[in-house]
Amino acid sequence: MRIGMRLLLGYFLIVAIAAWFVLSIFVQEVKPGVRRATEGTLIDTATLLAEVGRDDLLSNDAQNGRLAQAFSQLHQRPFRANIGGIHKVRNEYHVYMTDAQGRVVFDSAGHALGQDYSRWNDVWRTLRGEYGARSTQSDPNDPQSTVMYVAAPIVDKGKIVGVLSVGKPNSAMAPVIHRSERRILWAGGALLGIALLIGLVVAWWINRSIGTLSRYADSVTQDTPLPLPDPGSSELRKLAQALENMRIRLEGKNYIEHYVHALTHELKSPLAAIRGAAEILAEQPPPPVAARFIENILVQNARMQSLVEKLLEQAKLENRVEIAPAPVSLEALFARLSDARSALLAAKNITLTQQSASLTIKGDEALLEQALGNLLDNAIDFTPEGGSIVLAAHEAHQQVQLRVIDSGSGIPDYALARIFERFYSLPRSNGLKSSGLGLAFVQEVARLHHGEIELRNHPEGGVEARLTLHRPFT
């Protein structure tokens, strides 16, 4: 299981348990809370009606008193009320009044008139000066038919002369309780949904950051390193930096090993040639033979010197991170390249055609000149006498393509995949090999300019080298 999913499950489990406890407490408190609030209103109502019904009780005709008349008119006058989505269409109070002995002298429902209620908890306690209340099932077989009664004393001249009790069915409060419980459960569900959504976002962010680091680590192993990512977290940023430091150390080690191995391989041939020539010269051969081997020593020495110089340039270039772009006129650049190689072109009777279209780009002029010079040197080496070379620039789709097209024999299929490797070189028509660092240098120049270099066989023969530069270098 992925680490983000584990964190999501753990987080959601904690939130779910906490929400369950909170919701459970809230739901359990809804019913008692509503009933306590109802009991408070019943106390106020009973106290008020006790004052109204005192004269009716003292007149010994409570069944026809003002209180009885008020309830009679109330039952004949229906009403409608919408209380937060709960519809109320009738009065739900049940009121009765007893004398000092607990005998019912008034009943708003007309069922208990004359009965002895002195044993009921609300009447019994109130007659003794205590707080009287009770909850009784109106139907013994229905536990949901409970009615809550709260009584208040009827006092005359400081003496309790009766009791007025107000009752209200608990079923009348059930819609309020159910509505509150339903809203709490909906709110709890919404809370869990929001918590799950937040958890999914956090898990996605963690997986994305870790995935970015994984892709970066994989790119290092595939020798195509991506730029150092920013995971967005200080801890993951430290891990990314640690991976970057490890990559730099590994690349430095591999870089040195590769260069030492390649340089050793490239120096074997000139050293062997120099040693062989020196051994022959030690035997004091005739002057013409000695002159030929001395020339061979000088040629191999120049080859080694060129190899070392280009290797130093390559290493220096690879250590550069960025360049300072400046405007570069392609027309002037092409002119300098043509003038610098006019002797080589004339020696092989090669025609050089320039197509710059007066474009101006931004980049490092010295590096671009050296890179295009390397491409042009390769084209001259592989173009037969009397051939032609095209040096062109073309602007399209917010980019500029610099092209060098020769009319040589092209690149063999087996060499296409290795053409940019350091020290890899194809034999020239004169039988000599180059240092194999020219195209590697061009590739580094393209990297510093955020561009690409591509070599491919031209359909009409020869090779087309295409150096593509993107904005802001165009």
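Keep in mind that this is a model prediction, so the values were computed, not measured. Residues take numbers from 1 onward in each chain, read along the sequence in its written order. With the structure being a predicted model, the display of local features is reserved for residues of pLDDT at least 70 and the display and counting of side-chain atom pairs for 80 or more, all residues being used for whole-chain, interface and lining totals. In computing side-chain properties, one takes all heavy atoms of the structure into account and sets aside hydrogens as well as water.

(A) Local environment of the packing of aromatic side chains. Here the aromatic set is Phe, Tyr and Trp, taking the six-membered ring for Trp, and pairing holds for ring centres within 6.5 Å; pairs whose planes are under 30 degrees apart are stacked, those over 60 apart are edge-to-face, and all others are tilted. If you walk through the whole model with that rule in mind, you get 4 aromatic pairs. With 6.1 Å between their ring centres and 50° between their planes, F71 and F106 make a pair best called tilted. Of the two residues, F71 sits in helix α2 (residues 66-76) while F106 sits in strand β4 (residues 104-107), which places them 35 residues apart along the sequence. Grouping residues by exposure puts F71 and F106 together as buried. Between Y96 and Y149, the ring centres sit 5.6 Å apart and the planes meet at 55°, which makes this aromatic pair tilted. Of this pair, Y96 sits in strand β3 (residues 94-99) while Y149 sits in strand β6 (residues 146-156), and the two are 53 residues apart along the sequence. The secondary structure listing takes helices from DSSP runs of H or I that are at least 4 residues long and strands from runs of E that are at least 2 residues long, numbered from the N terminus. Note on exposure labels: buried denotes an accessible area under 20% of the residue type's maximum, exposed denotes more than 50%, and partly exposed covers the range between, all computed with a 1.4 Å probe on protein chains only.

(B) Geometry of the sheet that holds β3. Pairing between strands requires that DSSP locate at least two bridges from one strand to the other. Overall, antiparallel pairing links the 5 strands, which are arranged β4-β3-β7-β6-β5 in an open sheet. Among the strands making up the open sheet, the edge pair consists of β4 and β5 (133-137). Pairwise comparison of adjacent strand axes, ignoring direction, gives a mean angle of 25° for this sheet. Sheet topology places β6 next to strand β7 (residues 159-169); 10 bridges connect them, and they run antiparallel. Residue pairing for β7: V147 is matched across the bridge by P169. With axes taken as lines fitted to C-alpha atoms, and helix axes fitted only over the stretch in contact, angles between N-to-C directions fall between 0 and 180 degrees.

(C) Representation of helix α9 (residues 365-382). One fewer than the residue count of a helix, multiplied by 1.5 Å, yields its expected span. In this model, α9 (18 residues) spans 26 Å end to end at C-alpha, consistent with the 26 Å of a helix rising 1.5 Å per residue. Looking only at α9, the buried set comprises L367, L368, A371, L372, G373, N374, L375, L376, A379 and I380. Any pair of nitrogen or oxygen atoms within 3.5 Å is treated as a polar contact; in protein, a donor-acceptor pairing is required on top of that, and neighbouring residues in sequence qualify only through side-chain atoms on both sides. Capping the start of α9, D364 holds a side-chain oxygen 3.1 Å from the backbone nitrogen of L367, two or three residues further along.

(D) How the structure looks around the UniProt feature "transmembrane region" (unreviewed entry) in the chain. Per the UniProt record, "transmembrane region" (unreviewed entry) is annotated on residues 6-27 and 184-206. Secondary structure content for residues 184-206 is 100% helix and 0% strand, and the end C-alpha separation is 32 Å. UniProt positions are given in the numbering used here, feature names are shortened, and annotations may be inferred rather than shown by experiment.

(E) Expanded view of the pattern of salt bridges. Criterion for a salt bridge: a side-chain nitrogen of Lys or Arg within 4 Å of a carboxyl oxygen of Asp or Glu. For the structure on display, the rule yields 12 salt bridges. Residue R336 is joined to E365 by a salt bridge in which the shortest nitrogen-to-oxygen separation is 2.6 Å. With R336 in helix α7 (residues 330-340) and E365 in helix α9, this pair connects stretches of sequence that are 29 residues apart. On the basis of relative accessible area, E365 is assigned to the partly exposed category, the value being 33%. Its salt-bridge partner being R336, residue E369 comes within 3.4 Å of it at the nearest N-O pair. With a gap of 33 residues between them, E369 in helix α9 and R336 in helix α7 connect regions that are remote in the sequence. Using a relative accessible area of 31% as the deciding quantity, one classes R336 as partly exposed. Each of R403, R456, E464 and R466 takes part in salt bridges that share partners, so that together they form one network.

(F) Layout of the packing of α9 against helix α10 (residues 438-448). Two elements in contact, α9 and α10, have axes whose closest approach is 9 Å; the angle formed by their N-to-C orientations is 145°. Here α9 runs over α10; the crossing is left-handed. Residues L367, L368, Q370, A371, N374, L375 and N378 of α9 touch α10, and the partners they reach there are G438, L439, F441, V442, V445 and L448. Only Asp, Glu, Lys and Arg are considered charged, only Ala, Val, Leu, Ile, Met, Phe, Trp, Tyr, Cys and Pro nonpolar, and every remaining residue, Gly among them, polar. Here the contact of α9 with α10 is built from residues that sort into 9 nonpolar, 4 polar and no charged. Crossing handedness: left-handed means the near helix sits turned counterclockwise from the far one by under a right angle, and right-handed means the same turn made clockwise. Contact criterion: two residues are considered in contact whenever any of their non-hydrogen atoms come within 4.5 Å of each other.

(G) A look at the environment of K168. Among the secondary structure elements, K168 is positioned in strand β7. As a C-alpha pair, K168 and T38 span 130 residues in sequence and 8.6 Å in three-dimensional space. Ignoring sequence-local partners within four residues, the contact set of K168 consists of T38, L42, E92, Y93, V147 and M148.

(H) The side chain of R134, seen in detail. Looking at the element boundaries, R134 is found in strand β5. A polar contact is formed between the side chain of R134 and the side chain of D122, at a distance of 2.9 Å. Not counting the four nearest positions on each side in its chain, R134 is found in contact with Y96, Y117, W120, N121, D122, V147, M148 and Y149.

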